[in-house]
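# Inside the fold
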Number of protein chains: 2
Amino acid sequence: MSNPPTLRKERERAVREELILTHARRLLLSNGFQGLSLDELARSIEYSKGTIYLHFDSKEDIALAVTTEALRERSNLFERATRFQGLSRERARAIGFACCHFMVTNPDYFNIDMMMKSQSFWDRASDKQREAYLTQSGRCFRSLQQVVLAAFEAGDLPAGSLPPEQISMAMASVTVGSHIMAEIPGLKMLAGIEDPIKMVRNNQDLLLDGLQWKPLLRDHDYNATDQRIRAEIFPEATWLKPG
Amino acid sequence: MSNPPTLRKERERAVREELILTHARRLLLSNGFQGLSLDELARSIEYSKGTIYLHFDSKEDIALAVTTEALRERSNLFERATRFQGLSRERARAIGFACCHFMVTNPDYFNIDMMMKSQSFWDRASDKQREAYLTQSGRCFRSLQQVVLAAFEAGDLPAGSLPPEQISMAMASVTVGSHIMAEIPGLKMLAGIEDPIKMVRNNQDLLLDGLQWKPLLRDHDYNATDQRIRAEIFPEATWLKPG
DNA sequence: ATATTTATTGACTCACGGTCAAAACTGACC
DNA sequence: GGTCAGTTTTGACCGTGAGTCAATAAATAT
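All figures in this text were calculated on a predicted structure; none of them were measured in a lab. (Residues numbered from 1 in each chain as written. Chains lettered and ligands numbered in written order. Predicted model: local features only at pLDDT ≥ 70, side-chain atom pairs only at ≥ 80, totals over all residues. Heavy atoms only, no water.)

## Remarks on the interface of chain B and chain A
Think of interface size as the accessible area that goes away when the parts come together; that is how it is often given. Taken together, the contact pairs 47 residues of chain B with 47 residues of chain A. Both sides together, the interface formed by chain B and chain A hides about 4100 Å², and carbon and sulfur atoms give 71% of it. Sorting the residues of chain B by area buried against chain A places B:Gln34, B:Met169 and B:Leu206 first, and these three jointly supply 15% of that buried surface. Counting across the interface, chain B meets chain A through 0 salt bridges. (Contact = heavy atoms within 4.5 Å. Buried area = accessible area lost by both parts, 1.4 Å probe. Salt bridge = Lys/Arg side-chain N within 4 Å of Asp/Glu carboxyl O.)

Right, dumping it as structure tokens:
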């Protein structure tokens, strides 16, 4: 039994897996799931198709892994957001900010993510990838939950109104839904949406007001908060317009 | 040139198209998009595969048509809902009710609908089907919009706060998002969601409160409203639990 | 009854996801 | 440095299934 080569092999394997995912993401984003050809992918990475199947069980498995990688990135942003120093609702806003920043940075991510949630896609992925995806979902959720609990402790949310998990879910729901609605080609026109991000954030504000999360939108200068969030946590977010 | 036979032909064509869609829906719902085989579909309808292609451009085209049929059904429910006699927020609630009723009646619809919105699927459908889909989306949206405008007229929504289209979009967003979140396998457990429908309606309530849509949740007995909605508009909705 | 147009077919192609026996490579042992 | 068991990698091959189109059947016109 030789250890050094084994370790090297593992490292090389990890590198190759990353190589596969990098190219898979590129193909997936440019041609969609249907346009992702495993023959082309094999050619891109300069390994054979068989080798790809040493890493992943199916095409769907690869797509889910790509999605999970992006989701991990999103979780990281969320965790950074929770570290914002401020009122509880400002911290919640920082998470909303993170989410929008992610959307701007990864404009095509939602398409793939939504697709993978369709039963017939989800079912064809491996347990391993499914678990990894749920782990990252959990991380996102926990970031939210942490801020919600802090809000209860600070008395910024009315005690006993709703269980905290439900509040986190509501926040996630409005965000996901807004992103989706913003992407529907025809409705954007129909509803006169000019700036999708603005809509998302707007809807988040409405929900938090509905939850009576203090301070309410009208009682605080959240534009200033946004500027602080950007300056202190997400200096790379160049999309935020002043005012 | 013969007219009578032409009319009959058109009728027969429409019947056959419906036949295709009926069977396509069955296969789609039971096996998912991947499991929908055009050979099997052809066998089901007792016509050849070529004939299917006289009606639809691609597999995606068929799937979109199935989706649109369901969406048309949903639009019908929405329009019925707008006819509820009551306060503006009660009418909005009736639409929320309709949406939940639809979800209960068509539990797998959202999967397909979400999939069709992915770029690579949408792109493979025909213009004709895309337009039909957007037409039905528009009908849903307009039902919502109608109730929102009525709310402004009645003074139940604070004037000048937000443009009505944006309010409609927010309502649609929170609903769509809640449905999606409710369906994610792992998160349901993580967040302790027991009744997905309850969550959807809850989130809708929170948003409408956030919009200051009078009367607020705490100022009105909306359980009674639900009972009336069911009795007067949706007697077939057996899922509504009393209380 | 026959010609012409229209409707329908299903065998065929081709692309692609997935497999696996064979080839290439590795490193342990003499 | 040569041999060989074990491991890794390969790419030709398979089955499936979407989409096509020349051939056929049915309907209609003459």
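The discussion continues.
## Considering the protein's contact with DNA strand C
Surrounding DNA strand C, one finds 16 residues, the nearest of these being A:Leu38, A:Lys49, A:Tyr53, A:Lys59 and B:Thr51. Of everything in DNA strand C that lies within 4 Å of the protein, sugar and phosphate atoms constitute 60%. Here a phosphate oxygen of DNA strand C sits 3.0 Å away from a polar atom, N or O, in the main chain of A:Leu36. Between DNA strand C and the protein, one listed contact pairs a phosphate oxygen with a backbone N or O atom of A:Leu38 at 2.9 Å. Of all the elements in the fold, those that place two or more residues in the surface near DNA strand C are helix H1 (3-35) and helix H3 (49-55) of chain A together with helix H3 (49-55) of chain B. At 3 residues, H3(A) tops the list of elements feeding residues into the surface near DNA strand C. Partitioning the surface near DNA strand C into residue classes produces 5 nonpolar, 7 polar and 4 charged. (Near = heavy atom within 4 Å. Polar contact = N/O pair within 3.5 Å; in protein donor to acceptor, adjacent residues only side chain to side chain. Helix = DSSP H or I, 4+ residues; strand = E, 2+ residues; numbered from the N terminus. Nonpolar A, V, L, I, M, F, W, Y, C, P; charged D, E, K, R; others polar.)

## Digging into the pattern of salt bridges
Counted by the stated rule, this structure contains 25 salt bridges over all chains. In this structure, A:Glu79 engages A:Arg139 in a salt bridge whose closest nitrogen and oxygen atoms are separated by 3.0 Å. With A:Glu79 in helix H4 (residues 59-82) and A:Arg139 in helix H8 (residues 127-154), this pair connects stretches of sequence that are 60 residues apart. Residue A:Glu79 is classed as partly exposed on the basis of its relative accessible area of 29%. For A:Arg139, a relative accessible area of 16% corresponds to the buried category. With a closest N to O distance of 3.2 Å, B:Lys117 and B:Asp113 form a salt bridge. Highlighted residues: B:Lys117 and B:Asp113, both in helix H6 (residues 109-117), separated by 4 residues, approximately one helical turn. What you see here is one network of salt bridges that share partners, running through A:Arg93, A:Arg201, A:Asp205 and A:Asp226. (Buried < 20%, exposed > 50% of the residue type's maximum accessible area, 1.4 Å probe, protein only.)

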